[in-house]
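Results of the structural survey
For reference, the chains in residue letters:
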Amino acid sequence: MTFKDSTYHIILASNSPRRRELLSGLGLAFEVRVIPGIDESYPDSLPPAEIPCFIAHRKAAAYIPQMKENDLIITADTVVVLDGEILEKPAGRDDAVRMLKKLSGQTHTVVTGVALTTVHRQIDFSVASDVVFGTLEDGEINHYVDAFRPYDKAGAYGIQEWIGYVGVRAIHGSFYNVMGLPVQRLYQELKALSVYEP
């Protein structure tokens, strides 16, 4: 498969280095464009599984006024859900430690919502993966938080980092989804938009 350079100007609307890395892995030429200060709040009544797509839509809405005819904006959001509770980005060290203690020995769900937006249409989808953590010792949690400072990560961890190596017993679903972008599903949606060709 090859990328059809003339079809779309692809814009990744994300500060996340992990999403940039994963999108690069698909062989796409893209620009990173970030509008600061976008409201990422959501209604309290919204089911946890629907929150990522809601926020991905909200992010996309900020870019629509400046879109050109051939732009394709990719927005995404990831949430960590444990027993119905949303574990967002930690507020600081104590909050990160608290979250990891909650995740220790438990199975949680990571949901990523993605919106693909052009001037003519918008497609959204979400992917869920279940992650099983082994029991984490306090020393392991403290080491990870102090060494990696996971304050920009939902649930206070990055599966591709040390904590994922030593703590994750199993994943049911997409590993890359847990990193922040379900690239296999994204690839299928991009093919449907004729971004790729044989």
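Residues numbered from 1 in each chain as written. Predicted model: local features only at pLDDT ≥ 70, side-chain atom pairs only at ≥ 80, totals over all residues. Heavy atoms only, no water.

Some words on the overall build of the protein
- Check the secondary structure of the protein and you find 7 helices and 9 strands.
- Relative to the compact-globule value of 16 Å for 198 residues, the protein shows a C-alpha radius of gyration of 17 Å, a close match.
- Each of the three principal axes of the protein carries a C-alpha extent, and together these read 50 × 35 × 25 Å.
- In the protein, which comprises 198 residues, the share counted as buried stands at 48%.
- Within the protein, contacts between residues separated by at least 24 positions form 68% of all contacts whose residues are at least 6 apart in sequence.
- Taken as a whole, the protein presents about 9500 Å² of accessible surface, with 48% of it coming from carbon and sulfur.
- Positive and negative side-chain charges in the protein, numbering 19 and 25 respectively, have mean positions lying 3 Å apart. (Helix = DSSP H or I, 4+ residues; strand = E, 2+ residues; numbered from the N terminus. Rg over C-alpha atoms; globule rule 2.2 N^0.38 Å. Buried < 20%, exposed > 50% of the residue type's maximum accessible area, 1.4 Å probe, protein only. Contact = heavy atoms within 4.5 Å. Areas by Shrake-Rupley, 256 points an atom, 1.4 Å probe, with all protein chains shown as cover. Lys, Arg positive; Asp, Glu negative; His and termini not counted. Charge placed at Lys NZ, Arg CZ, Asp CG, Glu CD.)

Focus on the nonpolar core
- In terms of nonpolar packing, the biggest core is built from 43 residues, with L72, L116 and Y157 touching the most fellow members.
- Ignoring any residue separated from it by four or fewer positions in sequence, one finds Y157 in contact with L100, L103, H108, V110, V131, F133, Y144, P150, I163 and V178.
- One finds L46, V81, I86 and V111 within the second-largest nonpolar core, a separate group that totals 7 residues. (Core = buried A, V, L, I, M, F, W, Y, C linked by side-chain atoms within 4.5 Å.)

Some thoughts on the packing of aromatic side chains
- Scanning the model with the defined rule gives 3 aromatic pairs in all.
- Between Y144 and F148, the aromatic rings sit 5.2 Å apart at their centres with planes inclined by 25°, giving stacked as the arrangement. Within this pair, Y144 and its partner F148 are both found in helix α4 (residues 138-148), separated by 4 residues, close to a single helical turn.
- For Y144, a relative accessible area of 0% translates into the label buried.
- Classification of F148 by relative accessible area gives partly exposed; the value is 33%. (Phe/Tyr/Trp six-rings, centres within 6.5 Å; stacked < 30°, edge-to-face > 60°.)

A word on the pairing of strand β7 (residues 122-133)
- With 11 bridges joining them, strand β6 (residues 107-117) and β7 adopt antiparallel strand pairing. Pairing of T112 across the sheet is with V127, part of β7.
- Taking the residues that link successive antiparallel strands as the turn, the β6-β7 hairpin has 4 residues.
- Judged from the 4 bridges that link them, β7 and strand β8 (residues 168-172) form a sheet pairing that is antiparallel. Bridge pairing in β8 links V132 to A170. (Pairing = 2+ DSSP bridges.)

Some points on unusual backbone geometry
- The phi angle at D83 is positive, at roughly 50°, despite the residue not being glycine.
- When you line up the elements, D83 lands in the loop between β4 (71-82) and β5 (85-87).
- Backbone geometry at R149 places phi at a positive 45°, although glycine is not the residue there.

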